Amino acid sequence: MTPTESVAEFARRAGAWLADNMPGIDPASPPAAPRDDERSWRRARELQKRLYAGGFAGICFPREYGGLGLDYEYQRAFDEASLRYEMPLILNTPTFTICCATLLDTGSEEQKKQHIAAALRGDEVLVQLLSEPSGGSDLAGVITRAERQGDRWVINGAKTWSTSAFAADYGLCLARTDWDVPKHDGLTMFLVPISHPGITLRRITQVNGSTEFCEEFLDGVDVGDDAVVGEVNAGWAVASRQLYHERRAVGQGSEFASGSGSEGGHTTPVDYADLAEKTGQADSDRVKEMAGRALVHRAVAEQLIDHVYRSVRDGTLPPAAGTLIRLFHAETVALEIDTALSIAGAAGVVGQYGEGLQTGFRYLSRQSVAIGGGTTEMARNVIGERVLNFPREYAADRGVPFNQVRHGQER
Ligand SMILES: Cc1cc2nc3c(=O)[nH]c(=O)nc-3n(C[C@H](O)[C@H](O)[C@H](O)COP(=O)(O)OP(=O)(O)OC[C@H]3O[C@@H](n4cnc5c(N)ncnc54)[C@H](O)[C@@H]3O)c2cc1C
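These figures come from a predicted structure and were not determined experimentally.

Colleague: Whenever I open this one, the overall build of the chain confuses me. Can you help?
Modeller: Broken down by element type, the chain carries 11 helices and eight strands. Of all 411 residues assigned to the chain, the portion counted as buried reaches 48%. Intrachain contacts of the chain at a sequence separation of at least 6 include 74% that bridge at least 24 residues. Entry remark: accessible area of the chain is about 19400 Å², with carbon and sulfur atoms responsible for 51%. Averaging the locations of the 42 positively and 56 negatively charged side chains of the chain gives two centres separated by 1 Å.

Written out as structure tokens, the structure is:
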């Protein structure tokens with residue numbers, strides 16, 4: 001890579017390299033890569049190693065941590081060029097777009113050199129250990145505790161809904177280190193090795209049969225000071241950054257994602273014309289109108305990503321505006337899946353058509369996009385309070401030491 005290489009030159013060089021080095025695919029039916037299957041993760045690591053060896057890993061990550069230090073335009077050009085090739089897409093979220101992005105903003109120099117570089121080489125998968133059985137929206141209310149014992153931190157508690165933790169090497173784990181101060185002030189973020197003998201990991205079976213989510217029980221998990229991300233008791237600053245990156249990632253607007261194709265067909269956009277044709281409704285005005293409405297939302301969602309990215313970068317919008325794309329993405333996906341199911345009708349539940357049954361199957365997990373990365377209700381709160389500057393929601397625990405906050409008690 002020469003410093004003066006234009007986006008077009010970079011795209012041409014990437015296209016030639018991809019043709020020689022990455023397996024070709026039909027973007028309309030990419031090879032299955034179920035996120036709950038260990039083999040998908042082994043394959044993703046292998047493909048990531050190829051990208052790294054070829055000099056195309058981490059296009060927007062700084063060079064000193066193994067990336068290329070280039071602008072988003074280069075990443076988008078690469079994404080476009082890579083659509084016809086098998087890519088390690090499952091590494092994007094949460095490893096690159098959330099965990100590495102957060103370490104880049106808040107980690108120590110050693111953590112960046114170790115973990116971002118290892119992830120870009122295809123040697124490390126990182127996940128998020130934030131939500132707890134007692135609740136995920138009130139993230140600052142976590143009750144997993146980390147206590148100082150000698151020169152170590154000992155962590156005890158439980159985490160849940162951890163996407164792909166079974167395949168991971170490290171988790172960003174938020175724990176309470178001070179109970180005598182208000183909830184946001186007593187938290188610390190730790191980088192915890194998932195293989196630690198004190199972690200018991202179980203997989204959760206979802207309604208669609210996927211076992212990607214995990215729950216972890218942490219029992220005497222000891223780590224050193226080098227595991228602390230940011231400062232002790234300043235974990236909320238790290239978590240906030242993590243949520244910022246997560247909202248952008250969930251809204252498909254992160255410059256740290258590599259490749260924009262569909263993950264094993266799971267996120268393939270609905271082909272309304274094909275669905276209408278296969279269900280014998282190609283001439284229906286009602287179907288065309290419904291599909292048109294969904295497609296307009298899809299087009300606006302795509303434009304919004306670009307608009308918000310640029311506006312946050314030039315300061316026209318505050319960083320919390322990333323939540324706009326997260327919210328609109330969730331609404332668009334819900335509308336698209338509802339529309340597809342309405343068109344498919346009975347074929348979405350029984351029948352011959354792969355496309356029809358696939359639509360019904362996707363409907364089962366329709367709601368997850370409105371929950372993962374923080375719920376859409378919480379996204380509306382963020383937009384109201386931090387983009388539109390409305391008054392903050394009342395909170396009975398604001399400013400109260402955490403050990404004096406009433407939890408689930410009767411009045
Ligand atoms: C696809 C997916 C991936 C996920 N990946 C991870 C992961 O990798 N790591 C991880 O730690 N967690 C993960 N989660 C968990 C996710 O972060 C939580 O499910 C989410 O934050 C909501 O928490 P909860 O489920 O405990 O719901 P609760 O917090 O119990 O909320 C219940 C309901 O109350 C609403 N609510 C709560 N508080 C308010 C409020 N103040 N104002 C308005 N409404 C409110 C919520 O919107 C929700 O509808 C994932 C979830 C999904 C679906």
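Further notes follow.
Colleague: Even after reading the chapter, I still don't get the pairing of strand β7 (residues 213-223), so can you show me in this structure?
Modeller: Across eight bridges, the pairing between strand β3 (residues 152-163) and β7 is antiparallel. The residue bridging V154 from the neighbouring strand is D222, located in β7. In the sheet, strand β6 (residues 199-203) pairs with β7 via five bridges, with the strands oriented antiparallel. Paired with R203 across the two strands is C214, which belongs to β7.

Colleague: Looking at this structure, how should I read the packing of aromatic side chains?
Modeller: One pair of aromatic rings is described through two measures. These are the centre distance and the angle between the planes. Taken as a whole and judged by the stated rule, the model has 10 aromatic pairs. Ring geometry for F61 versus F256: centroids 4.4 Å apart, planes at 35°, classification tilted. Taken as a pair, F61 in the loop between α2 (38-53) and α3 (72-81) and F256 in the loop between α6 (235-250) and α7 (272-278) lie far apart in primary sequence, 195 residues in all. Here the two residues F61 and F256 agree in accessibility, since each one is buried. A connected cluster of aromatic rings, assembled from ring pairs, spans F10, W17, F56, Y74 and F78. When the ring centre of Y72 is taken as origin, the NZ or CZ atom of R76, which lies over that ring, is 4.2 Å away. Over the face of the ring belonging to F402 we find R176, whose NZ or CZ atom lies 3.6 Å from the ring centre.

Colleague: Is there a simple way to think about the UniProt feature "domain: Acyl-CoA dehydrogenase/oxidase N-terminal" (unreviewed entry) in the chain in this case?
Modeller: Mapped onto this structure's residue numbering, the UniProt feature "domain: Acyl-CoA dehydrogenase/oxidase N-terminal" (unreviewed entry) falls at residues 34-123. Along residues 34-123, the helical share is 60% and the strand share 0%, with 20 Å between the first and last C-alpha atoms.

Colleague: In this structure, what is going on with the pattern of salt bridges? I would like to understand it.
Modeller: Side chains that differ in charge, positive against negative, can pair when their charged atoms come close. Tallied over the entire structure, the rule returns 25 salt bridges. Its salt-bridge partner being D138, residue K183 comes within 2.7 Å of it at the nearest N-O pair. Here K183 is found in the loop between β4 (170-176) and β5 (187-193), whereas its partner D138 is found in the loop between β1 (126-129) and β2 (145-149), with 45 residues between them in sequence. With relative accessibility at 10%, the residue K183 sits in the buried group. With a relative accessible area of 41%, D138 lands in the partly exposed category. The residue K278 makes a salt bridge to D274 at a minimum N-O spacing of 2.9 Å. Remark: D274 and K278 occur in helix α7; sequence separation between them is four residues, near one turn of the helix. Judged by its relative accessible area of 37%, K278 falls in the partly exposed class. Exposure remark for D274: the relative accessible area of 24% places this residue in the partly exposed category. Residues participating in the shared-partner salt-bridge network are R43, E46, R50 and E86.

Colleague: Teacher, can you tell me more about a negative patch on the surface here?
Modeller: Together, E277, D283, D285 and E289 give the surface a local cluster of negative charge. Its location among the elements puts E277 in helix α7.

Colleague: Where do I start with the nonpolar core in this structure?
Modeller: General note: in soluble globular proteins, nonpolar side chains tend to be found buried as a group. Core analysis: the largest hydrophobic core is formed by 70 residues, its most contacted members being F78, I155 and F190. Sort the elements by how many residues they give to this core and helix α4 (residues 92-106) lands first, with six residues. The residues touching F78, leaving out its near neighbours within four places in the chain, are F10, A14, L18, L51, F56, I59, M87 and S258. I305, V382, I383 and V387 belong to the second largest nonpolar core, which has 12 residues in total.

Colleague: Help me understand unusual backbone geometry, please; the structure alone is not making it clear to me.
Modeller: Where the residue is not glycine, phi is negative for most of them; where a peptide bond is considered, it is trans in most cases. Between T93 and P94 the backbone carries a cis peptide bond, its omega angle lying at 10°. The topology assignment puts P94 in helix α4. Here N389, not a glycine, exhibits a phi torsion of approximately 60°, which is positive. You can see N389 is positioned in the segment after α11 (376-387). N389 gets classed as exposed once you look at its relative accessible area, which sits at 62%.

Colleague: Sorry, what's going on with the packing of helix α8 (residues 285-313) against helix α9 (residues 322-344) here?
Modeller: Angle between the axes and distance between the axes: these two values describe a pair of packed helices. Viewed as axis vectors pointing N to C, α8 and α9 meet at an angle of 160°, and their least axial separation amounts to 9 Å. Judged by the inter-axis angle, α8 sits roughly antiparallel to α9. In the crossing of α8 with α9, the sense of the turn from one axis to the other is left-handed. For the contact of α8 with α9, a count of residues per class yields 14 nonpolar, five polar and four charged.

Colleague: Which parts of the structure should I look at to understand the domain arrangement of the chain?
Modeller: Accessible area lost upon the coming together of the parts is a frequently used measure of interface size. Entries for the chain in the domain assignment read domain 1 (21-92 + 105-124), domain 2 (127-245) and domain 3 (269-388). If you average the C-alpha positions of domain 1 and of domain 2, the two centres end up 25 Å apart. In this complex, domain 1 contributes 14 residues to the contact, which on the side of domain 2 involves 20 residues. Summed over both sides, the interface between domain 1 and domain 2 buries roughly 1200 Å², with carbon and sulfur atoms accounting for 48% of that surface. Taken as a group, D36, T106 and Q111 account for 41% of the area that domain 1 buries against domain 2, more than any other trio of residues on that side. Our enumeration of links across domain 1 and domain 2 arrives at three salt bridges.

Here is what the cut-offs are and how they apply
- Residues numbered from 1 in each chain as written.
- Predicted model: local features only at pLDDT ≥ 70, side-chain atom pairs only at ≥ 80, totals over all residues.
- Heavy atoms only, no water.
- Helix = DSSP H or I, 4+ residues; strand = E, 2+ residues; numbered from the N terminus.
- Buried < 20%, exposed > 50% of the residue type's maximum accessible area, 1.4 Å probe, protein only.
- Contact = heavy atoms within 4.5 Å.
- Areas by Shrake-Rupley, 256 points an atom, 1.4 Å probe, with all protein chains shown as cover.
- Lys, Arg positive; Asp, Glu negative; His and termini not counted.
- Charge placed at Lys NZ, Arg CZ, Asp CG, Glu CD.
- Pairing = 2+ DSSP bridges.
- Phe/Tyr/Trp six-rings, centres within 6.5 Å; stacked < 30°, edge-to-face > 60°.
- Lys NZ or Arg CZ within 6 Å of the ring centre and 35° of its normal.
- UniProt positions renumbered as here; feature names shortened; annotations may be inferred.
- Salt bridge = Lys/Arg side-chain N within 4 Å of Asp/Glu carboxyl O.
- Patch = residues over 30% accessible without salt bridge, like charges linked within 9 Å, V, L, I, M, F, W, Y side chains within 5 Å.
- Core = buried A, V, L, I, M, F, W, Y, C linked by side-chain atoms within 4.5 Å.
- Axes fitted to C-alpha atoms, helices over the stretch in contact; angles between N-to-C directions.
- Parallel < 35°, antiparallel > 145°, perpendicular 65-115°, else oblique.
- Left-handed = near helix turned anticlockwise from the far one by under 90°.
- Nonpolar A, V, L, I, M, F, W, Y, C, P; charged D, E, K, R; others polar.
- Domains from an automatic or database assignment.
- Buried area = accessible area lost by both parts, 1.4 Å probe.

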